[in-house]
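Descriptive analysis of the structure
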Amino acid sequence: MQTKKMSLKSERRGIHVDQSELLCKKGCGYYGNPAWQGFCSKCWREEYHKARQKQIQEDWELAERLQREEEEAYASSQSTQGAQSLTFSKFEEKKTNEKTRKVTTVKKFFTASSRTGAKKAEIQEAKAPSPSINRQASIETDRVSKEFIEFLKTYHKPGQDIYKQCKLFLDTMNHKRDLSIEEQSECAQDFYQNVAEKLQTRWKVPPEKVEKAMDQIEKYIMTRQYKYVFCPETTDDEKKDLTVQKRIRALHWVTPQMLCVPVNEEIPEVSDMVVKAITDIIEMDSKRVPRDKLACITKCSKHIFNAIKITKNEPASADDFLPTLIYIVLKGNPPRLQSNIQYITRFCNPSRLMTGEDGYYFTNLCCAVAFIEKLDAQSLNLSQEDFDRFMTGQTSPKKQESDSWSPDVCLGVKQMYKNLDLLSQLNERQDRIVSEAKKLEKDLIDWTDGVAKEVQDIVEKYPLEIKPKNQALAAIDSENVENDKLPPPLQPQVYAG
């Protein structure tokens, strides 16, 4: 309307203005504005919205096409060596051109040494094939990549930027294989922090969606980086694993009573909870994402709390939880325990470790492992002499007769020796069962041999005789030589009534 008023004033002053030039280019009847490329305000917003949606769709198609071309390039590389170089060169050239035109550079998570060589790395990127192409593709990696792309589609424009930053981070990590694991951990932590800040400040994503996005980003990145950063050869994680495993095996004689564990495994429900807790802590090693490993620790801890609650008929406390967790670790002896703890510490989303129940349970697990490594006679209220004999296997905790107990002996100690007595009885019963099973096996073998021998004797005593085949029976009148003198057979006759 303001443009229309200005044109009327110009006419009154004697200035001729062509009204057709001031109308909206879209033909809606309103006057246009040169600042809006000849559109009115309403049509300009519509055109801008269409152009923006088109740009978003083109960017998203570009990301999917790059992912598809990357998979096709890897598949073709497995057929012939010559075809690999040609396909990848074209793909990498196209990918580099698209990056330089549209992808914004995100380098806040780079270390100081990498900032100086960033340009050099980008130049080498077009010359040498990315290590991600040469990595062995796995079903899980492909599945996680597809789920990540589908998840980011719900975030529209921020989702595209997140995907580009994740791809850039993975390419950067592929060029940093020579860095120490601590430096790679710092890069990952800086990347998490940088993306989380952008989600909250630049893209105005709600806090609950930020947490979900960070979980998916961690899953996508660490699934691809797992084989390179979990228990790497440059660290002593494997040596620590063997040390802890050997230590736990040497402490096999430790009983729940020695640790003051408030769990009664004679109750069936409690026994089931203990088994589930051990299963969860062992299953942690099979997971590849730090968040999934933390989930196993959390499930194990919740089973422990339930076992304590059933035993005591009241909610468990922190003083009851830690000794029970130590007992579960001693009883389960999880594989590669130190490697899993170090992997979670280095590459898990820091906000998850610093807050929430996952961080609390993980801290308790670290305390339990530290306690096991430093476990001594004083920790178990034993003399050093008894502790040394138990550790070397020279003897094991024995029961005491009930008559010899002093009145001031702790009830837990009495319960400990009672359980040891039950264990001894179960051991004797098991030995008897094994002995009877071996005897039954021997009897079955003897019976089978006896039956086979009797059958063989009967066959030899009454051998099978095969008689010749009987000849075919002759006709009833075949031996009658005078059959030609017999009268002819009677023929039926018909009489008219």
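Source: prediction; values computed, not measured. (Residues numbered from 1 in each chain as written. Predicted model: local features only at pLDDT ≥ 70, side-chain atom pairs only at ≥ 80, totals over all residues. Heavy atoms only, no water.)

1. Some thoughts on the overall build of the chain
So the rule is basically this: Numbered from the N terminus, helices here are DSSP runs of H or I no shorter than four residues, and strands are runs of E no shorter than two. Think of it in three bands: residues with accessible area under 20% of the maximum for their type are buried, residues over 50% are exposed, and the middle band is partly exposed, with areas taken using a 1.4 Å probe on protein chains only. Using the Shrake-Rupley algorithm and a 1.4 Å probe, accessible areas are obtained, with residue cover drawn only from the displayed protein chains.
Check the secondary structure of the chain and you find 20 helices and 0 strands. A buried classification covers 37% of the 497 residues belonging to the chain. As displayed, the chain has an accessible area near 32200 Å², and 54% of this comes from carbon and sulfur atoms.

2. Looking at the nonpolar core
The following threshold applies: Working definition of a nonpolar core: buried Ala, Val, Leu, Ile, Met, Phe, Trp, Tyr and Cys residues. They are joined through side-chain atoms within 4.5 Å. Throughout, a residue-residue contact means that at least one pair of heavy atoms, one from each residue, lies within 4.5 Å.
Counting 48 residues, the largest nonpolar core has Val254, Ile297 and Ile328 as its most contacted members. Those elements that provide at least two residues to this core are helix 12 (237-250), helix 13 (268-283), helix 14 (290-312), helix 15 (318-332), helix 16 (337-347), helix 18 (356-373), helix 19 (384-392) and helix 20 (411-461). Discounting residues that sit within four places of it in the chain, Ile297 has contacts with Ile281, Met284, Ile344, Tyr361, Phe362 and Leu365. Counting residues in each nonpolar core, the second largest holds 36 residues, with Tyr163, Met173, Ala196 and Tyr220 among its members.

3. Points about the side chain of Thr324
Formally: What qualifies as a polar contact is a pair of N or O atoms within 3.5 Å, subject to a donor-acceptor requirement within protein and to the restriction that residues adjacent in sequence count only when both atoms come from side chains.
Among the secondary structure elements, Thr324 is positioned in helix 15. For Thr324, a relative accessible area of 4% translates into the label buried. In this structure the side chain of Thr324 is engaged in a polar contact, spanning 2.8 Å, whose partner is the backbone oxygen of Asp320. Excluding anything up to four places from it in sequence, Thr324 contacts Val261, Pro262, Val263, Ile304 and Ile308.

4. Concerning helix 16
For helix 16, a buried count of 9 out of 11 residues is recorded, marking the element as mostly surrounded by other parts of the structure. Within the span of helix 16, buried status applies to Leu337, Gln338, Ser339, Asn340, Ile341, Tyr343, Ile344, Arg346 and Phe347.

5. Some points on the layout of surface pockets
Take a probe with the size of a water molecule and roll it over the atoms, and the empty space left behind shows itself. Our working rule: Both site types are read off a 1 Å grid over the protein atoms alone. A 1.4 Å probe that fits but cannot get out defines a cavity, while an open set with protein on both sides within 12 Å along at least five of seven lines defines a pocket; lining residues have an atom within 4 Å of a point. Grid points are joined across faces, edges and corners, and a volume is the space filled by probe spheres set on the points.
Computed from the structure, the largest pocket encloses a volume of approximately 1400 Å³. Contributing to the lining of the largest pocket are 45 residues, with Thr255, Pro256, Gln257, Met416 and Leu420 lying nearest its centre. Those elements giving two or more residues to the lining of the largest pocket turn out to be helix 12, helix 15, helix 19 and helix 20. A total of 13 residues in the lining of the largest pocket trace back to one element, the largest contributor, which is helix 20.

6. Details of the side chain of Asp358
Examined against the element boundaries, Asp358 turns out to sit in helix 18. A polar side-chain atom of Asp358 sits 2.9 Å from a polar atom in the side chain of Arg352. If we ignore the near neighbours within four places in the chain, the residues touching Asp358 are Leu294, Thr298 and Arg352.

7. Focus on unusual backbone geometry
Backbone geometry at His156 places phi at a positive 55°, although glycine is not the residue there. In this structure, His156 sits in the loop between helix 8 (139-152) and helix 9 (157-174). The exposure class assigned to His156 is exposed, which follows from its relative accessible area of 54%. A positive phi is found at Asn333, a non-glycine position, where the angle reads about 50°. Tracing the sequence through the fold places Asn333 in the loop between helix 15 and helix 16.

8. Focus: a nonpolar patch on the surface
Our working rule: For patch detection, residues must exceed 30% relative accessible area and be free of salt bridges, and they are connected within 9 Å for like charges or within 5 Å for nonpolar side chains (Val, Leu, Ile, Met, Phe, Trp, Tyr). What makes a salt bridge here is a side-chain nitrogen of Lys or Arg within 4 Å of a carboxyl oxygen of Asp or Glu, nothing more.
A contiguous nonpolar patch, built from Trp447, Val451, Val455 and Val459 and spanning about 390 Å² of accessible area, is present on the exposed surface. Take Trp447: it is sitting in helix 20.

9. A word on the environment of Tyr192
Its location among the elements puts Tyr192 in helix 10 (residues 181-201). For Tyr192, a relative accessible area of 2% translates into the label buried. Once the C-alpha coordinates of Tyr192 and Phe347 are considered, the two residues, 155 residues apart in sequence, prove to be 9.5 Å apart. Ignoring anything within four residues of it in the chain, the contact list for Tyr192 reads Met214, Glu218, Met222, Phe347, Cys348, Asn349 and Pro350.

10. Things to note about helix 15
As a reminder of what qualifies: Take the number of residues in a helix, subtract one, and multiply by 1.5 Å to get its expected span.
Here helix 15 is 15 residues long and its end C-alpha atoms lie 21 Å apart, about the 21 Å a rise of 1.5 Å per residue gives. Counting buried positions along helix 15 gives 11 out of 15 residues, so the element sits mostly inside the fold. The complete set of buried residues in helix 15 reads Asp320, Phe321, Pro323, Thr324, Leu325, Ile326, Tyr327, Ile328, Val329, Leu330 and Gly332. Elements in contact with the buried residues of helix 15: helix 12, helix 13, helix 14, helix 16 and helix 18.

11. Here's the deal with the packing of aromatic side chains
The criterion, for reference: Classification of ring pairs rests on two measures: the distance between centres of Phe, Tyr or Trp rings, Trp counted by its six-membered ring, which must be within 6.5 Å, and the angle between planes, read as stacked under 30 degrees, edge-to-face over 60 and tilted in between.
Applying the stated criterion across every chain, the model contains 14 aromatic pairs. When the ring of Trp253 is compared with that of Phe387, the centres are 5.8 Å apart and the planes differ by 75°; the resulting orientation is edge-to-face. Here Trp253 is found in the loop between helix 12 and helix 13, whereas its partner Phe387 is found in helix 19, with 134 residues between them in sequence. Phe387 shares its class with Trp253; the two are buried. Judged by centre distance (5.9 Å) and plane angle (55°), the rings of Phe321 and Tyr361 are tilted. Here Tyr361 lies in helix 18 and Phe321 lies in helix 15, a separation of 40 residues in the sequence. The pair formed by Phe321 and Tyr361 is uniform in burial state, with each residue classed as buried.

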